[in-house]
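Architecture at a glance
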Amino acid sequence: MAPENKSKSTNSNKNNKRRKNYLPHNKPVKKGAYPLRPGVEGFFITCDGGREYQASHEAIDVIDSFYDELVEGTESKVEQAELCKKPLNKVIKFADSDSSGSESDDADDEDTNNDHAKDKNDGLTGADKDKNVPVTSADGSDESAPEIKDNQAQPENEKDEKPENHDKKEAEAVEPPAKRQCVEADAPNSAKMPTKMEQKSVDKLIEDELKELGDKSKRRFSKLDTGCNGVVFIQMRKRDGDPGPKDIVHHMMTSLASTKKHVSRFLLRVLPVEVACYTSDEEIRRAIKPVIEKYFPEETQNPHKFAVLYDARANTGIDRAKVIDTVAKSVPSLHKVDLANPDISIVVQIVKTICLIGVVEKYKELAKYNLRQLSNSSQQ
């Protein structure tokens, strides 16, 4: 009897081990670490089915590159405007440099005059030299003597004039220090406006980037699990002074439309998301209010024409017409609906139980924000 009980106990232990391995009782099933949820903003991206993992990493790189272009472009424009206001190519002359330069110029002029005189004397023939010989008169005075005296008197007059000219030059040379003071006065103003890169050293910037990469909660762009095939969501943690998702996506589309450059392999369409909420009517009305106030003011002289773009994934229980009606009624009556040529399009994307709302401009002109169609050189 004892051996039979032992065999039963050993068999039951083996079965329990197998059940633990294959049947996890009362254990939560692991899903995405960061699922899509209300209250986030970022980018709604469609990609090839089954390539969500590759597309998410590629989307972060592409969005980050265009974000850097947009930020650096605005900073460079501001710096250029500041530089244009400042005077350029200020020349300052000092007394030492003027005096030395004038003396050297006078010395050069004297040397050239002496050289010309020697050449003339050498080129004279014997008869010409005889003509230039001084002739004595009956009184014993030389006729050519006055000429020599005049020639000798000229340098004396020049010597008298030189100190006067030198005094004038020194008086002119005293004035430039006033210009020098203007340059020094501009220096502190330029020091008050350093760029962001000058405020922090390179080591501190590298440390900050490493901290952001190590802590996922501090990353500017991070992926969220949508749970749908062919859909990727990139969350943006907006900071003070950062452009919004709408500005980044619009800059991306306009640059790609002009350059026709291929920047992605898996991405299809990129849409900005400014509000995320649940799909109920009350939640949509409450969440869309700040977006409407920002892009559709009640008092304006230039009303906008708008359209609502709706699409749903993994949700068949919601009424399409009801959602479009709630969004359209939240816009003030001053702005009119125009489905053919809208100025602004309100994008409504529903993924499971989450409603994503964003605003785009020139939706049809920019190939419905499709990266592959924009980068296709055959289409104009």
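Placed above this text is the structure.
Bear in mind that the values here come from a model prediction, so they are computed numbers and not experimental data. (Residues numbered from 1 in each chain as written. Predicted model: local features only at pLDDT ≥ 70, side-chain atom pairs only at ≥ 80, totals over all residues. Heavy atoms only, no water.)

A few words now on the pairing of strand S9 (residues 354-361). Regular strands have side chains that alternate between both faces of the sheet. Judged by how many residues are buried, S9 sits mostly within the fold: 7 of 8 residues are covered. The pairing of strand S5 (residues 275-278) with S9 spans 4 bridges and is antiparallel. Among the inter-strand pairings, Tyr 278 is bridged to a residue of S9, identified as Ile 354. By the bridge criterion, 8 bridges tie strand S8 (residues 344-351) to S9 in an arrangement that is antiparallel. If you follow Gln 349 over to S9, its bridge partner there is Leu 356. In sequence, S8 turns back onto S9 through a hairpin of 2 residues, with Lys 352 there showing a positive phi of about 60°. (Buried < 20%, exposed > 50% of the residue type's maximum accessible area, 1.4 Å probe, protein only. Helix = DSSP H or I, 4+ residues; strand = E, 2+ residues; numbered from the N terminus. Pairing = 2+ DSSP bridges.)

Here the focus is unusual backbone geometry. For Lys 260, which is not a glycine, the phi torsion comes out positive at approximately 55°. Residue placement: Lys 260 occurs in the loop between helix H9 (245-259) and strand S4 (267-273). The phi angle at Ala 314 is positive, at roughly 60°, despite the residue not being glycine. Following the sequence through the fold, Ala 314 ends up in the loop between strand S6 (305-313) and helix H11 (320-329). For Ala 314, a relative accessible area of 59% gives the class exposed.

The next subject is the pattern of salt bridges. On inspection of all chains with the given rule, the structure shows 8 salt bridges. Of the charged contacts, one joins Lys 322 and Asp 281 as a salt bridge, the two residues approaching to 3.3 Å between their closest N and O atoms. With Lys 322 in helix H11 and Asp 281 in helix H10 (residues 281-295), this residue pair connects regions lying 41 residues apart in the sequence. Judged by relative accessible area, Asp 281 falls into the buried class, the value being 18%. (Salt bridge = Lys/Arg side-chain N within 4 Å of Asp/Glu carboxyl O.)

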